[in-house]
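# Report on the structure
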Amino acid sequence: MNVPFCIPGLDTRAVLVAFLLALFCGCFTPPVVTKVKIIEPRPSEQFINLSSEEVTAEMKRLQKLLLDTATTSASSTDQRPSRQEIITDLFELSVHLNNPDPDYQQAYAYAATLYRISKTRKLYYLNWERVLKTQVRLRAERDSLENAFQKDSKKSRSLAYVVRLREKQIDSLKVVIEEQKEKLEKLKKLDLTMEKQRSTIQ
């Protein structure tokens, strides 16, 4: 019996098994693993050379952009930075050395948000949270001490004013007392004169 496509010396069963194995393996190819893009903070070096005015202007722009992202939904063709990128930039600018009016309470809020949503830099933002929390507490204590000092200074100034006023009153009284002494001396002399006159009349 002739077998079609038969090659002399070749085991047809082995060929069939190899064919089935190749077919089986081809049907179960490993799934393609797609990498998930993790958005992490962009390098802060982009802000190093900003002046105080530029830091303020950039923060205002980013705050407006953050507000826009909260009120509008992003589309697939949207070229705007993500919410995490904006918050990251705002955080970097909040603690920038050239920030003329640093809001450490807001910076703490940004760090807390980034710690919650970050995938790989949690320890970095956790450390910043702790530092900023301490900074906020120390600033509150400083403001409290400054307010107390200002109140004490006002009291001291008021007290000094009262002291000066009393000194002026005392000086005026001294003048009055001296005038009264002079009048008393005159009265004594007048009394002596009248006494002499009465004695001569008698």
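Keep in mind that this is a model prediction, so the values were computed, not measured. (Residues numbered from 1 in each chain as written. Predicted model: local features only at pLDDT ≥ 70, side-chain atom pairs only at ≥ 80, totals over all residues. Heavy atoms only, no water.)

## So, a nonpolar patch on the surface
Taken together, the side chains of Leu159, Tyr161, Val162, Val163 and Leu165 define a hydrophobic patch exposed on the protein surface, amounting to about 430 Å² of accessible area. Its place among the elements puts Leu159 in helix H5 (residues 122-201). A relative accessible area of 54% places Leu159 in the exposed class. (Patch = residues over 30% accessible without salt bridge, like charges linked within 9 Å, V, L, I, M, F, W, Y side chains within 5 Å. Areas by Shrake-Rupley, 256 points an atom, 1.4 Å probe, with all protein chains shown as cover. Salt bridge = Lys/Arg side-chain N within 4 Å of Asp/Glu carboxyl O. Helix = DSSP H or I, 4+ residues; strand = E, 2+ residues; numbered from the N terminus. Buried < 20%, exposed > 50% of the residue type's maximum accessible area, 1.4 Å probe, protein only.)

## So, the side chain of Ser94
Looking at where Ser94 falls in the secondary structure, it is placed in helix H3 (residues 83-94). For Ser94, a relative accessible area of 2% translates into the label buried. Beyond its immediate stretch of four places on either side in the chain, Ser94 contacts Met59, Asn99, Pro102, Ala107 and Tyr110. (Contact = heavy atoms within 4.5 Å.)

## Examining the packing of aromatic side chains
The final tally for this structure, using the stated rule, is 3 aromatic pairs. Relative to Tyr125, the ring of Tyr124 lies with its centre 4.9 Å away and its plane at 75°, an arrangement referred to as edge-to-face. The class of Tyr125 is buried, set by a relative accessible area of 0%. Three or more aromatic residues joined by ring pairs make a cluster, and in this case those are Phe91, Tyr124, Tyr125 and Trp128. Against the face of Tyr124 rests Arg121, its NZ or CZ located 4.0 Å from the ring centre. Residue placement shows Lys122 over the ring face of Tyr115; its charged tip is 5.0 Å from the ring centre. (Phe/Tyr/Trp six-rings, centres within 6.5 Å; stacked < 30°, edge-to-face > 60°. Lys NZ or Arg CZ within 6 Å of the ring centre and 35° of its normal.)

## Here we look at the environment of Glu58
Locating Glu58 in the fold gives a position in helix H2 (residues 52-71). Glu58 sits 31 residues away from Asp89 along the chain, and the two C-alpha atoms are 9.2 Å apart. In this view, Glu58 contacts Phe47 and Leu93; residues no more than four positions away in its chain are not counted.

## Quick word on the confidence of the model for the chain
Looking at the chain, pLDDT values average 76 and 71% of them are 70 or higher. Mean pLDDT across the elements of the chain ranges from a minimum in helix H1 (residues 12-27), with 57, to a maximum in helix H4 (residues 104-117), with 92. Overall, residues 1-7 carries pLDDT values under 50, and its contacts beyond four positions in sequence, including any with other chains, amount to 1 contact. (pLDDT = per-residue confidence, 0-100.)

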